[in-house]
Amino acid sequence: MSYFGKFYLVGPEARKAADWLFTADVSKPPGTTIYTCMLNARGGVESDLTVSPVAPGSHDPALAPAFEGDGYYLAIGGAIAQQNWSHITKTLQDKKFQCQLIDQSEELGMISVQGPSSRAVLQEVLDADLSNEAFPFSTHKLVKAASCPVRAMRLSFVGEMGWELHIPRKHCVRVYQSIMKAGAKYGITNAGYRAIDSLSIEKGYRHWHADLRPDDTPLEAGLAFTCKLRTDIPFLGREAIEAQKRDGIFRRLVCFTVDEKVPMFGLEAIWRDGKVIGHIRRADFGYAVNKTIAYGYIRNPEGGPVTTEFVKKGEYFLERMGVPYLAKAHTKSPFDPENKRVRGIY
């Protein structure tokens with residue numbers, strides 16, 4: 001996962017900048033990690049990312065940089081790192097915030113260890129207690145891995161218990177080899193991006209560029225929980241989101257499953273009760289649920305809002321190459337909807 005973008009937002013007004021940039025409330029103590037979006041003025045999603053408040057460091061500038069004021073570590077999908085850099089930089093310039101955005105993407109590697117045995121494997125490599133009580137989900141710590149300094153984050157993009165290790169470049173190989181050695185008895189294996197695609201869609205985690213684009217809002221994408229609308233903290237795009245919440249959601253991202261094992265890739269038409277109401281943005285095969293899974297935005301052909309009741313009612317088909325396949329619409333992820341696995345409950 002080393003291709004990820006890894007930025008630091010630091011300085012006297014970094015807190016003000018973070019409040020304005022991020023939809024979620026990131027005014028948390030160091031050691032916390034928050035999943036959030038960044039929006040444009042229209043309320044469209046420019047990015048989804050994790051933001052981790054950090055304390056000033058004094059040693060490795062990539063892992064724990066020194067700074068004055070507040071600091072945040074941003075981890076961003078690598079394919080959109082440059083787009084994020086441009087959006088953040090422009091926003092900082094427009095608002096004249098007194099802070100810096102520092103790119104350490106090339107200086108830090110990243111290894112993600114995920115699955116039911118991830119705690120057992122990493123407990124042999126890290127010098128930290130990885131129990132739920134000592135290291136809960138959505139937290140991070142500076143620890144040692146194979147005697148090398150790393151930032152460990154308990155996060156998952158695949159719906160399983162796991163940790164991300166953000167590692168200074170010079171230590172990446174040593175840490176990787178130690179993990180593979182410790183994991184051999186647990187059957188550890190390397191997994192590529194196609195595995196991540198399948199696992200993430202099965203869990204319902206969003207991909208920016210497919211499920212999320214600058215013309216999709218968090219409310220439409222099922223990410224209202226990332227927006228600090230219950231606070232009075234202003235953020236970029238808030239007025240548009242509040243207006244949409246007030247007026248109704250007329251387009252909504254919906255999960256579909258198809259029992260027939262037919263490959264789908266996106267752009268398939270979505271039919272509801274004999275009418276086309278949208279198209280698939282992203283699709284893959286879910287090996288745990290043993291079904292094709294697809295996500296697409298739908299509209300109400302009558303022009304009304306797309307409510308949960310609207311989604312639940314009706315007969316759906318997904319049309320692939322002219323052939324319709326019966327589909328089921330879901331209002332929650334069909335895999336582990338109670339989020340037990342990411343919390344280590346198996």
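Scroll up to find the structure.
This one's a predicted model, so the numbers in the text were calculated from it and none came from an experiment.

Peer 1: Would you take a moment to explain the overall build of the chain for this structure?
Peer 2: Helix and strand content of the chain: seven helices and 15 strands. Taking 20 Å as the expected radius of gyration for a compact globule of 346 residues, we find that the chain reaches 21 Å, a close match to that expectation. Dimensions of the chain along its principal axes, counting C-alpha atoms only, are 65 × 55 × 35 Å. Here the chain holds 346 residues, and the buried ones make up 53% of them. Considering only residue pairs separated by 6 or more positions, the chain has 66% of its internal contacts joining residues 24 or more positions apart.

Peer 1: Would you take a moment to explain helix H2 (residues 81-95) for this structure?
Peer 2: Think of an α-helix as turning once every 3.6 residues; residues three or four places apart then point the same way. The terminal C-alpha atoms of H2, which comprises 15 residues, lie 21 Å apart, in line with the 21 Å expected from a rise of 1.5 Å per residue. Here H2 has its buried residues at Ala81, Asn84, His87, Ile88, Thr91 and Leu92. The arc that holds the buried residues of H2, viewed along the axis, is 130 degrees, so those residues lie on one side. Facing away from the buried side of H2 by over 90 degrees, the exposed positions are Gln82, Lys90 and Gln93. Summarising the contacts, the buried residues of H2 are in contact with strand S1 (5-11), helix H1 (14-21), strand S2 (34-39), strand S3 (45-54), strand S4 (70-76) and strand S5 (100-103). Directly beyond the C-terminal end of H2, a positive phi value near 60 degrees is found at Lys96.

Peer 1: How should the state of the cysteines be read in this particular structure?
Peer 2: By definition, a disulfide is the covalent link that joins the sulfur atoms of two cysteine residues. The tally for this structure, following the rule as stated, stands at zero disulfides. We note that Cys172 lacks a disulfide partner, and the nearest cysteine sulfur, in Cys148, lies 9.4 Å from it. Look at Cys172 and you get buried, because its relative accessible area is 18%.

Peer 1: Whenever I open this one, the packing of aromatic side chains confuses me. Can you help?
Peer 2: How two aromatic rings sit relative to each other is given by the distance of their centres and the angle of their planes. The tally for this structure, following the rule as stated, stands at nine aromatic pairs. When the centroid spacing of 5.9 Å and the interplanar angle of 15 degrees are considered together, the rings of Phe157 and Tyr205 count as stacked. One end of the pair, Phe157, is in the loop between strand S8 (148-153) and strand S9 (162-168); the other, Tyr205, is in the loop between helix H5 (193-203) and helix H6 (238-247), and 48 residues separate them in sequence. Every member of this aromatic cluster is reached through a ring pair, and the members are Tyr3, Phe4 and Tyr193.

Peer 1: Looking at this structure, I do not really get unusual backbone geometry. What am I missing?
Peer 2: What is expected of a backbone is that most residues other than glycine have negative phi and most peptide bonds are trans. Of note, the phi angle at Ala146 is positive, near 55 degrees, even though the residue is not glycine. Positionally, Ala146 belongs in the loop between strand S7 (140-145) and S8. Since its relative accessible area comes to 18%, Ala146 is described here as buried. In the Ramachandran plot, Asp273 falls in the positive-phi region, its phi being about 50 degrees despite a non-glycine side chain. We classify Asp273 as partly exposed; its relative accessible area is 46%.

Peer 1: Explanation requested: the environment of Arg213 in the structure shown.
Peer 2: With respect to the helices and strands, Arg213 occurs in the loop between H5 and H6. Linking Arg213 and Val258, residues 45 residues apart in sequence, is a C-alpha distance of 25 Å. Excluding residues within four positions of it along the chain, Arg213 makes contact with Gly44, Val45, Trp208 and Arg281.

Peer 1: For this particular structure, what's the right way to read the sheet that holds strand S10 (residues 252-258)?
Peer 2: Each strand in a sheet pairs with another by means of backbone hydrogen bonds, the pair being arranged parallel or else antiparallel. Strand order in this closed barrel of six strands is S10-S13-S12-S11-S14-S15, and the pairing throughout is antiparallel. Between one strand axis and the next, the sheet turns through 40 degrees on average, direction left out of account. In this structure, strand S11 (residues 269-272) lies alongside strand S12 (residues 275-286), joined through four bridges in antiparallel fashion. Bridge pairing in S12 places Ala269 opposite His279. Docked against the sheet, H5 engages S12 and strand S13 (291-298), running at close to 125 degrees with respect to S12.

So, how was this worked out
Residues numbered from 1 in each chain as written. Predicted model: local features only at pLDDT ≥ 70, side-chain atom pairs only at ≥ 80, totals over all residues. Heavy atoms only, no water. Helix = DSSP H or I, 4+ residues; strand = E, 2+ residues; numbered from the N terminus. Rg over C-alpha atoms; globule rule 2.2 N^0.38 Å. Buried < 20%, exposed > 50% of the residue type's maximum accessible area, 1.4 Å probe, protein only. Contact = heavy atoms within 4.5 Å. Expected span 1.5 Å × (residues − 1). Arc of directions from axis to C-beta. Disulfide = S-S within 2.5 Å. Phe/Tyr/Trp six-rings, centres within 6.5 Å; stacked < 30°, edge-to-face > 60°. Pairing = 2+ DSSP bridges. Axes fitted to C-alpha atoms, helices over the stretch in contact; angles between N-to-C directions.

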